[in-house]
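# Analysis of the macromolecular model
The primary structure of each chain is shown beneath.
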Amino acid sequence: MPVNRMTQWKQIQQLDIKFLEQIDYFYDDTFPMEARQVLANWIEGQDWEAAADHESMANVLFNNLLMQLDRHCSQEPNFLLRHNLKRITHQLQMKYKSNHVQVAVIISSCLREERRIISLASIQEQGPLEKSMQNSEAFERQKNLDNRVAVIRSSVQMMDQAVKYLEDMQDDFDFRYKTLQSRDSVERNSQCTKQEVALLQEILNRLDFKRKEILSKMTDVIKEINDMMSTQLNLELMDWKRRQQIACIGGPVLTGMDQLQNWFTVTAQSLFQIKRQLDKLGELIHKVTYESDPIPLQRPQMEEQVKFLIYHLIKSSFVVEKQPCMPTHPQKPLIIKTQVQFTTKVRLLVKLPEVDYQLKVKTTFDKDPPPGKVNRQFFILTQNTKVMDVEESSNGCLSVEFRHLQLKEKKFNGTKGNEGPLTVTEELHSLSFEAQFCLQGMTIDLSICSLPLVVISNVSQLPAGWASVMWYNLLTDEPENMCFFSNPPRATWSQLSEVLSWQFSSFAGRGLNKEQLSMLGEKLLGQQPVHNDCQVSWSKFCKENIPGKPFSFWIWQDSILDLIKKHLLPVWIDGNIMGFVSKETERALLRERESGTFLLRFSESHLGGITFTWVEQADNGEAKFISVEPYTKNRLSALPFADIIRDYKVIADGIVPENPLKFLYPDIPKDEAFGKHYNSQQSKVFPYFPMSLIPISTLPNVTPLPCSSPEPPMSPGMFHVLSQQLSPFEMAAISSP
């Protein structure tokens, strides 16, 4: 009987507060947590990753999402929650009415990040990179910048009042002065006039003092903005770009863009306001000026400083929000296959004043390639210019998304470029974005490049390409080091093990624990124990074959990830697959266990294979270990793995088949561990009678060896016995090694 499975959302709710705070961080107005809460079961039952790649499927899911929310609204007894759900439904409908795919991308990203956090909570230990991005020092730094930006904004607004006061004071002086000038010569010599002249002088002195005071305050605020931009804002931008690199290779989901935009926008608003205040002071001196007037002396220099800061603030606010990525491989950005569409998105973090111009962005591939390093050349096959638009962004900033870009390789004399000292997947390329516009008399040139890209021409190059993307973004924060693989640096095992765990948490929903990583370290480095500071070369990671094997360490890992994602995902997420354990450790773990205790591990000799080994305790106290030939994707395509565990049979000496698998290590009853994943529906291959495929192994009439052995071939006699009991289709389903 299937076991009820705890929903992912219920698992989230049982986490410690420190993990719940991380969940709270990435649920915002793009997809509110209230919607996630009320639709938990339904959301988890949909294939959002597939919808992110297929617009028609995304359209169906989006409409179903709105229908589900409407249904909950009509059934919700709590007035406040019902009101919030109606508001959320309307917001989602308006925000994504022309881009349903974006909803699928957001929800799949949230679910993936939830799984990563659940996995992280179960392991209870973060790697050094993840710790560095989520420590209390970073939060304090951001809080400090929040306060500093707010203080600057408040100071600028107070200066508005001071300028207004100065203008009123000057109007009063101007009125009195013109009134006095209108009097005739007799009146000017009167005692009353002399008193008014003295009063005018006093007002002028106060006016001069006030002008100097305002200019001094402006100078201080401009210096404060300059210091804040250089010491904090630019550092936060660099930190965000580094976190984007880490997110690209499976690390924590990138957050903080809205906060970054707020800092940039508020700073820009303050600078634009100071510029208007300086313009106002320029108007005032046309009415009243005098010898040693501070405004004409100081204003030109201050205006240049403000323009300089605005110029550089806007230039640095031009960022690649979404790095180039093929929709067919959303979790492997920065790899582009020729003549396959890819998408990318750029935006300005500054909300510009409303202006009547079109900001056109042009993309160029390999605009400035390093001399002698790039052997292949490409050009963009599709439209490479688009206009930035406020409507394409959900928060009012100008942005543009290129959704249909394609690359084609240039041919020289009828042939394509030759491969040089670097392999195709070690050759790095870039996509640049350029725009130019005028703003308040300033011509601003915008330019930014994507992170380095790997261009492939065949999908078989994808694993090696992804290895290059991981190695680059793990080991450098340089945005455009196209010669990186001419002399690639080494990684420490501490760095590499963290990224390997990210691959399993982001692609398969569950990261690796210490024991699994320890086995992988021993496999890769050939030493025991493995220390965090052990060095791993690029060649050893993905170019050299594992000793005695026809494949490299990374190709082996990639094949296992592919197997999990396509055939083992629920079992892997539940933690039922030990996975990475050596044969020696496997036997040590099973030796003292009850007969029928088994564990699951990935094959070390087959690419993308999983096997199980069980122990049988003999009467003489000797433990015997039996392993089956690894199941690969070809076999698992015909029969779900949980059903294989349930229905597995062994026949020996003509005895009735029985399932030797009783307990998942250490002592979990098999049905308790796998029951919820059993396929309850019977096969409908034949319309006349129900049947099922049963995986069977036969054991010869000899004493089993105390080591792993593959499934032996079936003897003629055993074939005759089975043929009397099973249908022809069932007999055909029994595969020999």
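The structure displayed is predicted, hence computed values, not measured ones. (Residues numbered from 1 in each chain as written. Predicted model: local features only at pLDDT ≥ 70, side-chain atom pairs only at ≥ 80, totals over all residues. Heavy atoms only, no water.)

Next up on the list: the state of the cysteines. Throughout the structure, instances matching the rule amount to zero disulfides. The cysteine Cys-325 is free of any disulfide, with Cys-248 supplying the nearest cysteine sulfur at 8.5 Å. (Disulfide = S-S within 2.5 Å.)

On to the packing of helix α13 (residues 257-287) against helix α14 (residues 294-316). Here α13 crosses α14 at 155°, and the two axes come no closer than 10 Å. In this view, α13 runs roughly antiparallel relative to α14, as classed from their interaxial angle. Note on packing geometry: the crossing formed by α13 with α14 is left-handed. Contacts between α13 and α14 involve Phe-264, Thr-267, Ala-268, Leu-271, Phe-272, Ile-274, Lys-275, Leu-278, Asp-279, Leu-281, Gly-282 and Ile-285 from the first element and Ile-295, Pro-296, Arg-299, Met-302, Glu-303, Val-306, Lys-307, Leu-309, Ile-310, Leu-313, Ile-314 and Ser-316 from the second. (Axes fitted to C-alpha atoms, helices over the stretch in contact; angles between N-to-C directions. Helix = DSSP H or I, 4+ residues; strand = E, 2+ residues; numbered from the N terminus. Parallel < 35°, antiparallel > 145°, perpendicular 65-115°, else oblique. Left-handed = near helix turned anticlockwise from the far one by under 90°. Contact = heavy atoms within 4.5 Å.)

To continue, consider the side chain of Arg-211. Its place among the elements puts Arg-211 in helix α12 (residues 191-248). Residues contacting Arg-211, with those up to four places away along its chain left out, are Leu-166, Gln-170, Leu-284, Ile-285, Val-288, Thr-289, Tyr-290, Asp-293, Pro-294 and Ile-295.

Right, let's get into unusual backbone geometry. The omega torsion of the bond from Tyr-665 to Pro-666 falls at 5°, within 30 degrees of zero and hence cis. Of note, Pro-666 is situated in the loop between β21 (663-664) and β22 (668-669). Positioned with a positive phi, Asp-366 is a non-glycine residue whose angle comes to about 50°. In this structure Asp-366 comes out as buried when scored by relative accessible area, which is 15%. (Buried < 20%, exposed > 50% of the residue type's maximum accessible area, 1.4 Å probe, protein only.)

Moving on: the nonpolar core. Nonpolar side chains tend to gather and get buried jointly when the protein is soluble and globular. Of all hydrophobic cores here, the largest spans 159 residues; its most connected members are Ile-314, Trp-493, Phe-541, Leu-600, Ile-610 and Phe-612. Residue contributions to this core peak at 17 residues, all from α12. Not counting the four nearest positions on each side in its chain, Ile-610 is found in contact with Leu-563, Leu-568, Ile-577, Leu-600, Arg-601, Phe-602, Ser-603, Pro-630, Tyr-631, Leu-636 and Phe-641. The next biggest cluster of nonpolar side chains, apart from the first, holds 36 residues, and it includes Ile-12, Ile-23, Ile-88 and Ile-117. (Core = buried A, V, L, I, M, F, W, Y, C linked by side-chain atoms within 4.5 Å.)

Now for the sheet that holds strand β4 (residues 360-365). Strand order in the open sheet made by the four strands is β6-β4-β12-β13, with antiparallel pairing throughout. The open sheet has two free edges, formed respectively by β6 (385-387) and β13 (442-449), since each of these has just one partner strand. Each neighbouring strand pair of the sheet contributes to a mean axis angle of 20°, computed without reference to strand direction. Two elements, β4 and β6, share three bridges in a ladder whose sense is antiparallel. Residue pairing for β6: Lys-362 is matched across the bridge by Thr-385. Together, β12 (431-439) and β13 form the strand contacts of α14, whose direction differs from that of β13 by roughly 30°. (Pairing = 2+ DSSP bridges.)

Here the structure, examined in full by the defined rule, presents 23 aromatic pairs. Ring geometry for Phe-485 versus Trp-538: centroids 4.8 Å apart, planes at 45°, classification tilted. Here Phe-485, found in the loop between α15 (462-475) and β15 (491-492), pairs with Trp-538, found in helix α18 (residues 538-542); they are 53 residues apart in sequence, far enough to count as distant. The class of Phe-485 is buried, set by a relative accessible area of 3%. Geometry around Trp-556 places Lys-523 over its ring, the cationic atom sitting 5.5 Å from the centre. When the ring centre of Tyr-631 is taken as reference, the NZ or CZ atom of Arg-635 above it lies at 4.1 Å. (Phe/Tyr/Trp six-rings, centres within 6.5 Å; stacked < 30°, edge-to-face > 60°. Lys NZ or Arg CZ within 6 Å of the ring centre and 35° of its normal.)

As a further point, take the sheet that holds strand β11 (residues 428-429). Spatial ordering of the open sheet is given by β2-β14-β11, a layout of three strands whose pairing is mixed. Two strands lie at the open edges of the sheet, namely β2 (335-337) and β11, each paired on one side alone.

Let's shift gears to α14. The first and last C-alpha atoms of α14 sit 33 Å apart over 23 residues, in line with the 33 Å expected at 1.5 Å per residue. Along α14, the helix axis deviates most sharply at Pro-300, where the bend reaches about 25°. Every buried residue of α14 is accounted for by Pro-294, Ile-295, Arg-299, Met-302, Glu-303, Val-306, Leu-309, Ile-310, Leu-313, Ile-314 and Ser-316. Where α14 begins, the capping side chain belongs to Asp-293, and its oxygen is found 3.2 Å from the backbone nitrogen of Ile-295. (Expected span 1.5 Å × (residues − 1). Bend = angle between axes of the 7 residues up to and from the residue. Polar contact = N/O pair within 3.5 Å; in protein donor to acceptor, adjacent residues only side chain to side chain.)

The geometry of a pair of packed helices is captured by two quantities: the angle between their axes and the separation between those axes. Where helix α16 (residues 493-508) meets helix α17 (residues 514-525), the axes come as close as 11 Å, and the angle between the chain directions of the two elements is 120°. Relative to α17, α16 is oriented oblique. As for how α16 packs across α17, the hand of that crossing is right-handed. Along the contact surface, α16 presents Trp-493, Leu-496 and Ser-497, while α17 presents Leu-517, Leu-520, Gly-521 and Leu-524. In terms of residue class, the contact of α16 with α17 is made up of five nonpolar, two polar and no charged. (Nonpolar A, V, L, I, M, F, W, Y, C, P; charged D, E, K, R; others polar.)

Geometric values such as these leave the question of function open.
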